[in-house]
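# Structural characterization, general
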Amino acid sequence: MTARIPRKVAALMAALSFSEDSRQAGHGILRNLSDSEWEKLLDFTNSGGITLVAGTLCRDDLPPRLRQRIDRDISRNRERLRRLRSELMAVSQRLETERTQFLLLKGFSLGHEYIFDPGLRMHFDIDLFVPPDSVQQANRAVLSMGYEPSPGDGTLPADHLPTLTRKTSWRWQGDFFDPEIPPAVELHFRFWDAETECISAPGVEEFWQRRVSQDGLPVLHPADRLAYATLHLLRHLFRGRVHLNHIHEVARSLDTQADNDGFWATWRDLHPDPLRRLQALAFRLAVEWFGCRIAPQPAEEIERLAGDIPAWFDKYAAAPLEAMFHPNKHELWLHLALVESARDRRKILVRRILPLTVPAGFGPDQRIRYAAYLASRMTYHARSLPAVLWHGMSWMSGTSGLKAPFWWFTIGGAIYAFGFFVFYLLYNLLLLDRGYREDALGLIAGALTAGSIAGVLPAARFVRLVGLAPALKIASLAIPVAFAFRCVFSGEPALVASAFVAGAAGSLWAVAFSPAVAALTSERSRPIGFSITHSSGIGVGILAGLIGARVPRWVLEAHLVPDALHAKQFALLASVAFAALAFWPLSKLRLESAEPEESRTYPRGPFIYKFLAAIGVWSLATGAFNPLFNAYFERRFHMPLESIGIVFTFSQLGQVGTILLSPLLLRRLGLVRGVACTQLVTALALGSMGASPSAFAAAALYVAYMSFQYMGDPGINSLLMNRVDSTQRGGAAALYFLVAFLGQALAASVAGAVVSRFGYPPMLVGAAVLAVVAALLFWRVESSATMFSR
């Protein structure tokens with residue numbers, strides 16, 4: 001296994017290996033480490049729970065001073081475990097007095113088959129399983145012994161009640177081996193949390209009936225003990241917190257039992273196929289990391305791992321170890337490969353990309369501290385999202401059959417999207433600096449949309465004439481040129497005309513985009529292809545908000561222009577120039593010419609009329625504010641450009657979350673009602689921005705507005721495609737976009753005039769009212785779509 005980890009850690013891993021050659025190579029490197037390198041190495045193993053094992057196996061390689069440290073730590077750890085064992089006996093006696101049945105998990109139940117000296121194990125809790133109907137009784141019994149619940153850490157639901165810790169005055173001093181560390185008790189009520197992991201483990205419910213006695217205490221059957229150790233490892237792996245000792249203990253168990261045919265025959269008889277499959281994941285990881293021997297039966301289970309699982313181990317087996325030095329979420333792809341339900345995969349994806357758990361420890365008087373913590377976590381996940389999306393695309397490309405031309409197209413699309421996201425962020429601010437008001441901004445935005453409407457049909461004919469690949473290449477150069485003129489012109493008539501021309505040119509990219517994705521993917525890979533192109537667009541939107549807002553300041557600091565107005569103009573020209581770089585990856589595309597257009601028919605009837613009426617009003621509502629969002633923050637709150645960029649970034653991040661959550665909402669409420677509910681929430685956020693007293697509140701409302709606005713899009717498109725005949729879908733889509741674009745063009749022009757005369761609050765309240773009307777109109781569609789909405 002090749003891992004991107006420090007050399008000394010790789011040497012330690014080799015020294016802990018069960019392969020003689022690896023051990024000798026590891027010891028050879030360790031002998032040459034300096035005292036300071038050994039100090040850091042031992043500190044690292046503390047976090048992995050394997051310090052004493054590593055120190056003992058490598059003792060002869062240690063400098064004398066560190067050898068004394070290890071000997072001292074071992075002595076203190078044995079005393080700590082002696083006290084913890086004594087506390088275990090006291091707790092077990094109390095539970096027996098209360099006639100509460102239990103069994104011991106992990107810790108003291110693991111013998112020499114898991115660790116060559118159990119006195120070296122670094123466990124700190126007493127883990128007990130109690131049947132669900134008795135666990136509260138057990139909890140009360142332990143509390144009566146002077147224990148108290150520990151505050152949670154905001155992580156996912158566990159398999160146990162809140163940890164109970166004995167009340168003492170002890171304080172953490174950074175010493176893992178302190179005998180005074182107070183004991184803790186965890187009362188488990190299940191062996192596996194199938195609901196959270198979205199993976200079933202049939203057979204674990206039989207562990208309780210097969211319990212045996214060991215050293216006077218009830219413990220798991222030896223075969224079930226190994227199964228539980230692997231499930232515990234997987235639980236930590238799926239949540240990105242795997243520990244070295246978990247994997248090393250499984251590896252030692254495999255190695256020591258490699259010749260025990262009787263054990264493995266019993267193991268196979270007791271555990272059904274799905275449970276053995278889960279254990280095989282941990283077995284494969286243990287073999288990859290520590291080179292242990294393995295019996296034929298578990299080796300056969302590893303060989304039976306199918307689908308995308310072997311590919312994950314080939315590519316990412318070292319990822320959990322690398323994450324200790326270079327944070328990653330590669331275990332997510334293994335988790336998703338194991339989950340069968342698309343709904344559960346979305347649930348896991350949202351949970352890992354956008355953790356929503358709230359940490360404990362922030363009281364009512366600590367709101368500022370909590371707000372700072374929340375902001376830091378949101379910023380962290382916003383910054384990590386592009387990397388996660390990139391690795392996700394890389395993973396899916398290897399498992400979905402997507403070829404190099406698709407990735408060239410995706411790269412070109414991302415470059416194009418980044419440039420125009422920056423343009424969208426800055427352009428209105430340039431117009432404001434030139435002295436234009438919102439009425440002009442609305443008129444110009446309306447002209448852009450009108451140009452898009454006018455350009456759709458000619459663009460479609462052009463694509464059919466020259467083919468997809470040439471059309472995309474021409475679009476990647478012509479559109480940036482058209483938008484560059486918008487930055488150069490300063491008179492209002494020229495700005496309106498150039499916006500119309502740019503909108504017409506932009507329609508060429510819009511018309512060619514979806515057919516290009518379809519042409520570059522197979523029927524099997526097409527859903528993944530569309531997901532990748534759309535998610536990459538959102539990802540670069542996040543980056544564009546963070547970077548684009550800073551470009552004018554960088555230009556000024558470099559003294560390239562004399563003032564802020566010209567800095568924005570320079571940044572806008574740079575953005576369209578960057579978008580034109582998409583020509584390079586797109587030039588590598590070779591696509592077949594588009595097929596002749598099929599005859600198009602347009603749907604008629606009550607459903608389509610009601611649907612288009614609702615879409616028209618909805619487009620009026622959203623089209624009123626969307627083109628003016630950056631002007632709103634600058635004019636109303638005098639928000640700095642970089643702050644506007646951050647707001648834009650969080651709005652993109654919010655869209656990621658709500659779009660991923662959209663299927664859950666639509667499945668629960670149905671298409672029609674789900675869409676109507678998202679529109680009502682959008683209306684609430686939109687109207688509230690008109691009365692927002694602070695920039696922070698307005699920014700939060702804007703993020704909510706954009707998030708819920710786009711949350712309903714999957715439902716709107718699904719509803720339309722479900723309700724029309726397959727031969728009418730092209731015509732239905734054309735009607736949909738025609739009505740939407742017309743509404744947006746009209747709304748932008750009217751909204752700008754309203755703001756110039758009356759200010760933002762009346763416009764926002766009016767747009768909110770229109771959004772409510774649109775939601776009510778969608779609710780009326782129910783009568784025409786009931787049978788399709790659930």
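Preceding block: the structure.
All figures in this text were calculated on a predicted structure; none of them were measured in a lab.

## As for the overall build of the chain
Tallying secondary structure elements over the chain gives 33 helices and 7 strands in all. The burial tally for the chain puts 53% of its 790 residues in the buried class. A sequence separation of at least 24 residues applies to 79% of the contacts in the chain between residues at least 6 apart. Counting every atom, the chain has about 34,200 Å² of accessible surface; 59% of that belongs to carbon and sulfur.

## A short note on empty space enclosed by the protein
The tally for this structure, following the rule as stated, stands at 1 cavity of 30 Å³ or more. Taken as a whole, the largest cavity spans an internal volume of roughly 120 Å³. Lining of the largest cavity is provided by Lys106, Ser109, Leu110, Arg121, Leu220, Arg225, Tyr228, Ala229, His232, His246, Glu249 and Val250. Listing elements by their share of the lining of the largest cavity, those giving two or more residues are helix H8 (222-238) and helix H9 (244-256). The greatest single-element share of the lining of the largest cavity, amounting to 4 residues, is contributed by H8. Looking at the lining of the largest cavity, its residues break down into 5 nonpolar, 3 polar and 4 charged.

## A short note on the side chain of His123
Its location among the elements puts His123 in the loop between strand S1 (103-105) and strand S2 (125-129). What makes His123 buried here is its relative accessible area of 8%. Apart from residues lying up to four places away in sequence, His123 is in contact with Arg80, Leu81, Leu84, Gly107 and Phe108.

## Details of the packing of aromatic side chains
The description of two aromatic rings rests on the distance between their centres and on the angle between their planes. Overall, the coordinates contain 39 aromatic pairs when judged by the stated rule. Between Phe191 and Tyr228, the aromatic rings sit 6.1 Å apart at their centres with planes inclined by 80°, giving edge-to-face as the arrangement. Within this pair, whereas Phe191 is found in the loop between strand S5 (184-188) and helix H7 (194-197), its partner Tyr228 is found in helix H8, the two being separated by 37 residues in sequence. Taking relative accessible area as the criterion, Tyr228 reaches 4% and is therefore assigned buried. Look at Phe625 and Tyr702: their rings are 6.1 Å apart centre to centre, the planes differ by 70°, and that puts the pair in the edge-to-face class.

## Quick look at the nonpolar core
Within the largest apolar cluster, 92 residues are counted, with the highest numbers of intra-cluster contacts made by Trp38, Leu281 and Trp333. By size, the runner-up hydrophobic cluster in this structure holds 89 residues, among which are Tyr416, Trp509, Leu586 and Ala685.

## A few points about a nonpolar patch on the surface
A cluster of nonpolar side chains, namely Val481, Phe485, Val488, Phe489 and Leu573, defines an oily patch on the protein surface of about 410 Å² accessible area. It is helix H20 (residues 468-488) that provides the largest number of residues to the nonpolar patch, a total of 3 residues. In this fold, Val488 is placed in helix H20.

## Re a positive patch on the surface
Positive charge collects at one region of the surface, where Arg343, Lys347, Arg667 and Arg668 lie side by side. Those elements that place two or more of their residues in the positive patch are helix H16 (342-353) and helix H28 (641-669). Here Lys347 shows up in helix H16. A relative accessible area of 32% places Lys347 in the partly exposed class.

## Quick look at helix H18 (residues 404-433)
Between its first and last C-alpha atoms H18 spans 44 Å; for 30 residues at 1.5 Å apiece the expected length is 44 Å, and the two agree. At Leu426, H18 shows its largest kink, close to 35°. By the criterion of burial, H18 is predominantly enclosed, with 23 of the 30 residues buried. Positive backbone phi, approximately 100°, marks Gly435, located one or two places after H18.

So, how was this worked out
- Residues numbered from 1 in each chain as written.
- Predicted model: local features only at pLDDT ≥ 70, side-chain atom pairs only at ≥ 80, totals over all residues.
- Heavy atoms only, no water.
- Helix = DSSP H or I, 4+ residues; strand = E, 2+ residues; numbered from the N terminus.
- Buried < 20%, exposed > 50% of the residue type's maximum accessible area, 1.4 Å probe, protein only.
- Contact = heavy atoms within 4.5 Å.
- Areas by Shrake-Rupley, 256 points an atom, 1.4 Å probe, with all protein chains shown as cover.
- 1 Å grid on protein atoms, 1.4 Å probe; cavity = no way out; pocket = protein on both sides within 12 Å on 5 of 7 lines; lining within 4 Å.
- Points joined across faces, edges and corners; volume = space filled by probe spheres on them.
- Nonpolar A, V, L, I, M, F, W, Y, C, P; charged D, E, K, R; others polar.
- Phe/Tyr/Trp six-rings, centres within 6.5 Å; stacked < 30°, edge-to-face > 60°.
- Core = buried A, V, L, I, M, F, W, Y, C linked by side-chain atoms within 4.5 Å.
- Patch = residues over 30% accessible without salt bridge, like charges linked within 9 Å, V, L, I, M, F, W, Y side chains within 5 Å.
- Salt bridge = Lys/Arg side-chain N within 4 Å of Asp/Glu carboxyl O.
- Lys, Arg positive; Asp, Glu negative; His and termini not counted.
- Charge placed at Lys NZ, Arg CZ, Asp CG, Glu CD.
- Expected span 1.5 Å × (residues − 1).
- Bend = angle between axes of the 7 residues up to and from the residue.

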